[in-house]
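Per-entry structural report
The primary structure of each chain is shown beneath.
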Amino acid sequence: MKRITIVLLACLTTMFCWAQQADPLGQLKAQPRKAYGTDCPYLFEQTPMTNAPEGYIPFYISHYGRHGSRYNWNDKLYLNLDTLLSKAHRLHILTPAGEASYGKFQTAKQELLTGWGELTQLGWEQHQRIARTMYNQFTDVFKNGGNVFAVSSLSGRCMLSMSAFCQELVQCNPNIEIREQASRFTLDGVVPTDRQNPVKHHFAKPDKPRYEKNRDQFKQTNDLPDKVLDRVFTNTDSLPWNKHRAAYVLIDFYKTLPSINHEGMMEGIVTDEEIAAQWEGSNLGSYSWVFSGKYDVVPILEDIIKKADAVLAGTSDHLADLRFGHDSFLGPLTVLMGINGADKDPEDPYEVKYCYQNWETCKASNMQLVFYRSQKEDILVKCLLNGIEATLPVPTAQAPYYKWSDFREFYLKRCQDVPTE
């Protein structure tokens with residue numbers, strides 16, 4: 001009777017997790033900031049974990065993480081905002097709310113133009129907390145100490161994210177030895193399309209996602225640009241660009257503010273709830289670009305399999321292999337792997353939101369593959385996306401756990417089936 005109760009509880013827990021994921025609009029209502037998509041700071045959501053099958057203990061983790069919160073990735077957004085607001089200020093066409101935002105922006109402008117592209121304090125703290133959570137959830141992997149290998153892209157924000165993560169792991173257990181590397185030698189396993197990667201690939205470009213041929217069927221009223229402009233300007237005739245572009249300079253800037261500790265800079269201009277109301281349309285655009293990059297990340301998935309094979313063969317003593325890169329690789333990786341159905345490629349644009357949500361590629365987003373073993377022959381693996389158990393298209397009778405042999409066979413074939421030019 002006790003065993004039946006445990007099984008039922010595990011099933012209910014799994015159903016609860018997937019019910020949450022199946023209702024993206026409900027999630028937005030509860031947390032409208034998710035509508036920031038790839039600009040959303042990491043949310044540290046917690047859901048119950050499914051117990052591993054009896055006798056199975058975690059022993060190895062393979063990970064890919066995006067850098068943490070940063071200033072805007074280039075200075076163009078700040079320069080455009082300066083041009084827009086400064087001209088309106090000179091022409092005396094700013095509303096009181098617009099003038100207030102202009103003044104706050106001018107105070108912070110030098111900081112923003114200096115910091116573009118760089119990791120913020122929040123970004124550092126995100127990776128510290130993710131590392132500590134990993135350690136606490138999978139203590140069996142790390143409790144005896146041992147070797148960890150961490151690699152990052154050549155971007156400073158990725159290297160610092162790696163450093164924050166690794167330092168925190170060592171704080172958890174000083175017996176952990178971590179080798180950190182950011183070099184051309186390891187680019188293929190973390191950012192394979194980097195121009196400095198000495199390994200050149202010639203994968204074909206995938207067809208566009210199928211929903212795009214039906215995109216004209218997607219209808220969504222979007223009066224947010226007009227609302228924003230009315231709140232900032234008394235007159236829009238003299239703006240340097242068309243009204244749509246001007247509005248989205250303001251909206252895009254607003255979405256970056258929590259990551260750089262400047263919330264309140266655009267008070268009275270736009271709200272999270274208003275951005276959430278337009279999320280489904282922006283999510284379609286996000287799906288197009290992550291879908292288009294799915295073949296480019298084949299080397300990352302192959303690196304994951306190769307490094308796990310080495311651990312299982314005893315030729316590697318790594319407790320974990322950690323990779324720190326960008327949304328432009330993690331997002332496509334979720335599609336290539338079909339995490340939570342991201343590879344479903346629906347024809348109906350209204351169905352896209354159920355297989356991909358762009359907040360899953362938020363700042364500091366990450367994918368973890370946790371490996372388990374027992375006295376039995378089978379090795380099991382579980383996938384976490386942003387700390388939450390995820391589904392894979394690999395056949396299994398015990399989700400969210402998958403036999404490594406099935407996982408390996410399934411994904412090696414998927415990689416081999418990718419066409420080349």
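Quick summary incoming for the structure in this document. (Residues numbered from 1 in each chain as written. Predicted model: local features only at pLDDT ≥ 70, side-chain atom pairs only at ≥ 80, totals over all residues. Heavy atoms only, no water.)

**Some points on the overall build of the protein chain**
Along its length, the protein chain carries 15 helices and eight strands. Projected onto the principal axes, the alpha-carbon positions of the protein chain cover approximately 75 × 50 × 45 Å. Looking at the protein chain as a whole, 55% of its 421 residues qualify as buried. Put simply, of all contacts in the protein chain between residues at least 6 apart along the chain, 80% involve residues at least 24 apart. (Helix = DSSP H or I, 4+ residues; strand = E, 2+ residues; numbered from the N terminus. Buried < 20%, exposed > 50% of the residue type's maximum accessible area, 1.4 Å probe, protein only. Contact = heavy atoms within 4.5 Å.)

**Some words on the packing of aromatic side chains**
Enumeration according to the criterion identifies 17 aromatic pairs in this entry. Residues Tyr 60 and Phe 371 carry aromatic rings whose centres are separated by 5.1 Å and whose planes lie at 55° to one another, so their mutual orientation is tilted. Of the two residues, Tyr 60 sits in strand 1 (residues 57-66) while Phe 371 sits in strand 5 (residues 366-373), which places them 311 residues apart along the sequence. By relative accessible area, Phe 371 is classed as buried at 0%. (Phe/Tyr/Trp six-rings, centres within 6.5 Å; stacked < 30°, edge-to-face > 60°.)

**With respect to the nonpolar core**
Counting residues in each nonpolar core, the largest one holds 71 residues, and the members touching the most others are Phe 142, Phe 233, Leu 250, Phe 253 and Leu 322. The leading source of residues in this core is helix 9 (residues 243-256), at seven residues. The contacts of Phe 233, once residues within four sequence positions are left out, are Leu 84, Ala 88, Ile 93, Leu 94, Thr 95, Leu 239 and Leu 250. If you look at the next biggest cluster of nonpolar residues, it comprises 40 residues, including Val 191, Met 337, Met 367 and Leu 392. (Core = buried A, V, L, I, M, F, W, Y, C linked by side-chain atoms within 4.5 Å.)

**Things to note about the pairing of strand 6 (residues 380-385)**
The element strand 6 is extensively covered by neighbouring structure, given that six of its six residues are classed as buried. Of the two faces of strand 6, the one lined by Leu 380, Lys 382 and Leu 384 and the one lined by Val 381, Cys 383 and Leu 385 are each fully buried. In this sheet, strand 6 lies alongside strand 5 in antiparallel orientation, the contact comprising six bridges. Among the inter-strand pairings, Gln 368 is bridged to a residue of strand 6, identified as Leu 384. The pairing of strand 6 with strand 8 (residues 401-403) spans three bridges and is classified as antiparallel. Bridge assignment links Lys 382 to a residue of strand 8, and that residue is Tyr 401. The pairing of strand 6 with strand 7 (residues 388-389) spans two bridges and is classified as antiparallel. Note on strand 7: the bridge partner recorded for Leu 384 is Glu 389. From the end of strand 6 to the start of strand 7, which pair antiparallel, there are two residues, and Asn 386 there has a positive phi angle of about 55°. (Pairing = 2+ DSSP bridges.)

**Focus: the pattern of salt bridges**
All told, the structure shown has 22 salt bridges when counted by the stated rule. In this structure, Asp 303 and Lys 307 form a salt bridge, with 2.7 Å as the shortest nitrogen-oxygen distance. Remark: Lys 307 and Asp 303 occur in helix 12 (residues 298-313); sequence separation between them is four residues, near one turn of the helix. If you follow the salt bridges from partner to partner, you end up with Arg 33, Glu 263 and Asp 272 in one network. (Salt bridge = Lys/Arg side-chain N within 4 Å of Asp/Glu carboxyl O.)

**With respect to the side chain of Lys 294**
By secondary structure assignment, the location of Lys 294 is in the loop between helix 11 (279-292) and helix 12. One buried charged residue, Lys 294, remains without a salt bridge, the closest side chain of opposite sign being Asp 345 at 5.8 Å. Not counting residues within four places of it along the chain, the set of residues in contact with Lys 294 comprises Pro 206, Pro 332, Val 335 and Leu 336. (Lys, Arg positive; Asp, Glu negative; His and termini not counted.)

**A closer look at unusual backbone geometry**
Residues Ala 399 and Pro 400 are joined by a peptide bond in cis, for which omega reads 10°. Take Pro 400: it is sitting in the loop between strand 7 and strand 8. A positive phi is found at His 92, a non-glycine position, where the angle reads about 60°. Residue placement: His 92 occurs in the loop between helix 3 (76-90) and helix 4 (96-115). Phi is positive for Ala 364, close to 70°, though the residue is something other than glycine. Structurally, Ala 364 is set in the loop between helix 14 (352-355) and strand 5.

**Side note on the state of the cysteines**
Tallied over the entire structure, the rule returns zero disulfides. Here Cys 158 stays free of any disulfide, with the sulfur of Cys 166 as its closest cysteine sulfur at 13 Å. According to the relative accessible area criterion, Cys 158 is buried, its value standing at 0%. Sulfur of Cys 172: no disulfide; nearest cysteine sulfur belongs to Cys 166 and is 12 Å away. (Disulfide = S-S within 2.5 Å.)

**Some details on the pairing of strand 4 (residues 318-325)**
The element strand 4 is largely enclosed, with a buried count of seven among its eight residues. As paired strands, strand 1 and strand 4 are joined by six bridges and run parallel to one another. Paired with His 63 across the bridge in strand 4 is Leu 322. Relative to strand 4, strand 2 (residues 146-152) runs parallel, the two sharing six bridges. Bridge pairing in strand 4 places Val 148 opposite Ala 320.

**Digging into the packing of helix 3 against helix 9**
At their nearest, the axes of helix 3 and helix 9 sit 10 Å apart, and the two run at 125° to each other. Here helix 3 lies oblique to helix 9, going by the angle between them. The handedness of the crossing between helix 3 and helix 9 comes out as left-handed. Across from Leu 77, Tyr 78, Asn 80, Leu 81, Leu 84 and Leu 85 in helix 3, the residues of helix 9 making contact are Arg 245, Ala 246, Val 249, Leu 250, Asp 252, Phe 253 and Thr 256. A breakdown of the residues in the contact of helix 3 with helix 9 according to their chemical character gives nine nonpolar, two polar and two charged. (Axes fitted to C-alpha atoms, helices over the stretch in contact; angles between N-to-C directions. Parallel < 35°, antiparallel > 145°, perpendicular 65-115°, else oblique. Left-handed = near helix turned anticlockwise from the far one by under 90°. Nonpolar A, V, L, I, M, F, W, Y, C, P; charged D, E, K, R; others polar.)

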